[in-house]
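So the chains spell out like this:
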2 protein chains.
Amino acid sequence: MKNTELNSYLYETIAAGFTQQILSAVLITGDKLPSVREICRQYKVSMSTALQAYYLLESKSLIRSVPKSGYYVSYTPQTNALPNQSNPSLYIGNENTSDIVSKVYDGISSDHIMLSLGVPAAALLPLPKLNKALTHALHTLNENGSGYEHVLGNPKLRRQIARLSSSWGGKLTENDIITTAGCTGAMLQAIIALTKTGDTIAVESPVYFGILQLALSLGLKVLELPTHPETGIEIEALKTALRKNKISLCLLISNFSNPMGGTMPAEHKKEVVRLIEHYHIPLLENDMYGDLYFGHDRPVNCKTFDESGLVILCSSVSKTLAPGYRVGWLTPGKFSAQIRQVKFAAAISSTTLTQEAVADFLERGRYESHLKKLRTTLNHNCLNYMEAISKYFPGETKVSRPQGGFMLWVELDAKVNTARLYDQTIKRNISFAPGRMFTLQNQYNNCLRLSYGLPWTDQINHAIKTIGSLIR
Amino acid sequence: MKNTELNSYLYETIAAGFTQQILSAVLITGDKLPSVREICRQYKVSMSTALQAYYLLESKSLIRSVPKSGYYVSYTPQTNALPNQSNPSLYIGNENTSDIVSKVYDGISSDHIMLSLGVPAAALLPLPKLNKALTHALHTLNENGSGYEHVLGNPKLRRQIARLSSSWGGKLTENDIITTAGCTGAMLQAIIALTKTGDTIAVESPVYFGILQLALSLGLKVLELPTHPETGIEIEALKTALRKNKISLCLLISNFSNPMGGTMPAEHKKEVVRLIEHYHIPLLENDMYGDLYFGHDRPVNCKTFDESGLVILCSSVSKTLAPGYRVGWLTPGKFSAQIRQVKFAAAISSTTLTQEAVADFLERGRYESHLKKLRTTLNHNCLNYMEAISKYFPGETKVSRPQGGFMLWVELDAKVNTARLYDQTIKRNISFAPGRMFTLQNQYNNCLRLSYGLPWTDQINHAIKTIGSLIR
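Going by what an unreviewed UniProt entry lists, chain A is known as HTH-type transcriptional regulator NorG and is assigned to Pedobacter lusitanus. Taken verbatim from the UniProt record of chain A, the Cofactor (unreviewed entry) comment is "pyridoxal 5'-phosphate". UniProt annotates chain A under Sequence similarities (unreviewed entry) with the comment "In the C-terminal section; belongs to the class-I pyridoxal-phosphate-dependent aminotransferase family."

Encoded structure:
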């Protein structure tokens, strides 16, 4: 039975209601849930729909069934406080952190438990189907995919990306899209097209370290703005920054941001679009995590409200399908001519084979069902990782509460230095991302980012326990 | 029988001697060659070696056998004069040519005879073996190649590239190499690392239009220097430019340059290295065509003479194996830290699967034998294309005489405008690259670049005839 209004099934609606009650601690561990029969009566649904709702909650480890007794809540949200809203200085920092970035990412070894990695584990990816798509591409593409693509990118892929845009209220066509080598390639090309050496860009703080490295490489100044762990960049701070500074570009990860996990409320997104229109400044919006929502609906993005073409949306399949395929895209909006020239000059062509493989995977409708599974797993991981942190880390530890994506931002006692902590954990083959990587200022030294892209296992539990004991 | 001194076979040495006599018109069409028996006596070789030498010359269409009579020269070099040494103005041009670049490259259609394409036809590529290598990569790579590579690139690929460096006298190790998305990705990353908006780079003129588009995208000024169709950039002009201007980077295609086809003599290369050391300016050397030599030996490059680490060599397999695989590399030299940071920020990882496929292909020793065949075919194409131009284009037409690569630079009467000529030829489904694309100044309007990467056929002959008649 399909509730077409909400584009989801009734059992999901029922499960979502209980999820919210559990996550807000209205229902806590040990509470008994209504019987399946009561659910049928209350929601006017069939027995199988009621059971499906409970199975879904079980799969997320929120409830458990006790034979011959019924269903009980098995999860109570961690009691860690939220990290503080960040408060970066408004001076332009320029303390390069590439040393620490190298330290964390160069020594990658298969022995390590990589809680530092910003990609989902291969176990969560649909590899057999992707391999099939790649083999299909190899055999069906003209010249076996050895040649260049059109400069704008694979037309089938662009059509599929356009189709998927309806999930956030977009009405893109294939002509609104240029493909790129991952979201990194998209950000690179847009930034090259829209800035020059010495320009200032405004970003969240903490901000994904790749953005900082990119800005430094291109000789840009980075204005880091106060950011809230739940609602993202502070609108008032952005407003002041735009009024007082000459900003060439705003760059935001609007949903389930990396690293802090916040999602800008729709009204904030609308307001940001209004602001950049007022100041006539392009917004580069990275919505790479938007499809990985735990809630009922996919959040919108700023592009949803864009009528001027000033919002350049970029995304990829690097967080959902295959990082190593290097498949990403952007919507150049009103900067179409400039960005197209940069794509040609900076890349000529994307990798023909992997673009076609992803296009094929999407065209067969495999993406949606994969995402559904991936979201459930990540949500489950998130809850388990948070519970372990609450159990093993000191009581004053603050932890973000992301509603999607796969990053936790952890704020420790001010005395803890996570760069030094890293030197300890890596000796035990455990890697995480020290907070200092996510800023060009001297801050977040007591913070760290943990990715929950690795499936929840005893080994992970033990790794978090180890980090916790090293902190103490 | 192997002549190890020269690292080639005796039959090749014998054939090379005749090739030189034919190309310099010492022997002309109809001249009878020594009998196979005489060759055996003269060179003290076996009958089969003598025959192999003649077979090689036949395969290049330089000689033909007349049954029961012997071997005869079947080729006399074209009589077209060489194009003039270029004489660009020393003012910094900034007339963007992206309109004309778009015109030529956007409307690519499989119906067109693409004499404009700077890549070899798929028919010249070892596709079945590449497909095998790709399938092998898919099945042997960790996580089916869905994950990121190490930031420096696939170690096996870097080892193979290091191994091949001995062909130009290099002694690279895998640690001297960073892989990139094609040579374009290599140039992009090096230029980002070593320049900032407003800086000036010195290049040949005419210069590959992708370099101009890249420079414009990054806000760089381009100093175009006089260039000779046989010996490349004029050393005296470069010397003066370095003395009089603040140059941040020199960028040269030192062997079989695109588009003019010149190869800098070894002593010029040595002198360029001395000059950049004197002024302490990095040289970005693109040697993408160096393996496609028609002569006896691979030419050296500037990197061969580099002791300071100021020469950043870049190359790719886009002109020899598979453009769409996006496999290239560079040697960062003394700029290792900067370029590595840019690679991380601008790409994170190359496409994992295609890098491994190329590594596998090289490791199996398939590259050398493929290159040998490819060189013979391109040499054969080159001679046929030149002959057709000499036959069908007006007598005053000047044509370059490349000793490798696959580009011909054609200079027509000053009154001919090749951008307008293009509008005519494209109506007949024939595409070439108008000369105006290769400069930011108002010059080369009467020039064009023809690629001979397409196998020689009646259709190509007819296409060149059509261009010729449209010129007249």
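Caption draft 1: Focus on the confidence of the model for chain A. Confidence in the prediction for chain A averages 92 pLDDT; 97% of positions are at 70 or higher. Scored below 50 in pLDDT, residues 1-7 of chain A shows eight contacts in the model against residues more than four places distant or in partner chains.

Caption draft 2: Up close: empty space enclosed by the protein. With the rule as written, the count across this model stands at one cavity of 30 Å³ or more. Taken as a whole, the largest cavity spans an internal volume of roughly 300 Å³. If you trace the largest cavity, you find 22 residues lining it, with Ala181 and Ala347 of chain A together with Ala181, Ala346 and Ala347 of chain B closest to the centre. Contributions of two or more residues to the lining of the largest cavity are made by α7 (182-194) and α11 (336-347) of chain A together with α7 (182-194) and α11 (336-347) of chain B.

Caption draft 3: How the structure looks around the domain arrangement of chain A. You can read the domains of chain A as domain 1 (2-73), domain 2 (98-122 + 374-471) and domain 3 (128-367). Each of domain 1 of chain A and domain 3 of chain A has a C-alpha centre, and these two points are 36 Å apart.

Caption draft 4: Local environment of the sheet that holds strand β15 (residues 398-399) of chain A. All names here are of chain A. Across the sheet, which stays open at both edges, the four strands sit in the order β15-β16-β19-β18 with antiparallel pairing between neighbours. Edge positions in the open sheet fall to β15 and β18 (433-434), since each of these has one partner strand only. Seen against the sheet, helix α13 (residues 366-392) touches β15, β16 (407-411) and β19 (447-451) and runs at an angle of roughly 15 degrees to β16.

Caption draft 5: Examining the environment of Arg326 of chain A more closely. Along the chain, Arg326 of chain A falls in the loop between β13 (311-316) and β14 (328-330). Look past the residues within four positions of Arg326 of chain A in its chain and what remains in contact with it is Thr180, Ala181, Gly182, Thr184, Ser318 and Gln355 of chain A together with Tyr148, Ala347, Ile348, Ser349, Ser350 and Thr351 of chain B. From its side chain, Arg326 of chain A meets the backbone oxygen of Ala347 of chain B in a polar contact 2.9 Å long.

Caption draft 6: Molecular detail of the interface of chain A and chain B. If you look at the interface, chain A gives 56 residues, while chain B gives 57 residues. The junction of chain A with chain B conceals about 4,300 Å² of combined surface from both sides, 60% of it contributed by carbon and sulfur atoms. Looking at the side of chain A facing chain B, the largest losses of area belong to Ser146, Tyr148 and Gln341 of chain A, adding up to 13% of the total buried there. On inspection of chain A and its partner chain B, the count reaches zero salt bridges. Where chain A touches chain B, the interface holds twelve residue pairs in polar contact (both at pLDDT 80 or more). Counting residues per element, the ones that place at least two in the side of chain A that touches chain B are α4 (98-106), α5 (127-140), α7, α8 (209-217), α11 and α12 (352-363) of chain A.

Caption draft 7: Fine view of the packing of aromatic side chains. The final tally for this structure, using the stated rule, is 30 aromatic pairs over all chains. Consider the rings of Phe209 of chain A and Phe344 of chain B, whose centres lie 6.1 Å apart with planes at 15 degrees: the pair is stacked. A residue pair is termed interchain when its members come from two chains, as with Phe209 of chain A in helix α8 and Phe344 of chain B in helix α11. Exposure remark for Phe209 of chain A: the relative accessible area of 3% places this residue in the buried category. Phe344 of chain B gets classed as buried once you look at its relative accessible area, which sits at 14%. One aromatic cluster in this structure is built from Tyr105, Tyr208, Phe209, Trp409, Phe438 and Tyr444 of chain A together with Phe344 of chain B.

Rules used in this analysis
Residues numbered from 1 in each chain as written. Chains lettered and ligands numbered in written order. Predicted model: local features only at pLDDT ≥ 70, side-chain atom pairs only at ≥ 80, totals over all residues. Heavy atoms only, no water. UniProt positions renumbered as here; feature names shortened; annotations may be inferred. pLDDT = per-residue confidence, 0-100. Contact = heavy atoms within 4.5 Å. 1 Å grid on protein atoms, 1.4 Å probe; cavity = no way out; pocket = protein on both sides within 12 Å on 5 of 7 lines; lining within 4 Å. Points joined across faces, edges and corners; volume = space filled by probe spheres on them. Helix = DSSP H or I, 4+ residues; strand = E, 2+ residues; numbered from the N terminus. Domains from an automatic or database assignment. Pairing = 2+ DSSP bridges. Axes fitted to C-alpha atoms, helices over the stretch in contact; angles between N-to-C directions. Polar contact = N/O pair within 3.5 Å; in protein donor to acceptor, adjacent residues only side chain to side chain. Buried area = accessible area lost by both parts, 1.4 Å probe. Salt bridge = Lys/Arg side-chain N within 4 Å of Asp/Glu carboxyl O. Phe/Tyr/Trp six-rings, centres within 6.5 Å; stacked < 30°, edge-to-face > 60°. Buried < 20%, exposed > 50% of the residue type's maximum accessible area, 1.4 Å probe, protein only.

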